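A closer look at the structure
Listed below, chain by chain, are the residues.
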Amino acid sequence: MSLIKNAIPKKAREGGHHPAKRTFQAIRIEVNRELDVIGPAICDIADSLGQKGRIAVITFHSLEDRIVKQTFAGLTGTCVCPPSFPVCVCDSKPVLKLAGRRPVLPSAEEIEANPRARSAKLRIAERV
Ligand SMILES: [Zn+2]
């Protein structure tokens, strides 16, 4: 723990948390291949939902949240063609619709009562 602490420049240390926190989080994410499995897992779950069934995903890291956001966007039928394409060729059909454009974030009261909720983001989508 102190090895990591000493390796991180003082400026980069966040106030309050132990400086090794992010390092251990990074190791865990890599070991579990968490970023690789989120997208496929969401697609599988979306496939197995009945009409109007909902999928709710809570993330605790911005990289995870970005994958959830992008995977949801892909499943809502948003065109995924590169902007340079003159016409849409992906022909993506909506599987989900978003329940709210923005993620649900913890309130100040919740963070006060449960500091671990601080970085949580909840995104919900519904099967169409
Ligand atoms: Zn397209």
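To keep things clear, this report deals only with the structure shown in the data block.

Thresholds applied
- Residues numbered from 1 in each chain as written.
- Predicted model: local features only at pLDDT ≥ 70, side-chain atom pairs only at ≥ 80, totals over all residues.
- Heavy atoms only, no water.
- Pairing = 2+ DSSP bridges.
- Helix = DSSP H or I, 4+ residues; strand = E, 2+ residues; numbered from the N terminus.
- Axes fitted to C-alpha atoms, helices over the stretch in contact; angles between N-to-C directions.

1. What to know about the sheet that holds strand β1 (residues 54-59)
Taken in spatial order, the 3 strands of this open sheet run β1-β3-β2, and their pairing is antiparallel. The open sheet is flanked by β1 and β2 (96-98), the only strands paired with a single partner. Across the sheet, the mean angle separating the axes of adjacent strands is 30° when strand polarity is ignored. Of the strand pairs in this sheet, β1 and strand β3 (residues 121-127) are connected by 6 bridges, and their pairing is antiparallel. Within β3, the residue paired with Thr-59 across the bridge is Lys-121.

2. Here's the deal with the pairing of β3
For β2 and β3, the ladder comprises 3 bridges, and the chain directions are antiparallel. The residue bridging Lys-97 from the neighbouring strand is Glu-126, located in β3.

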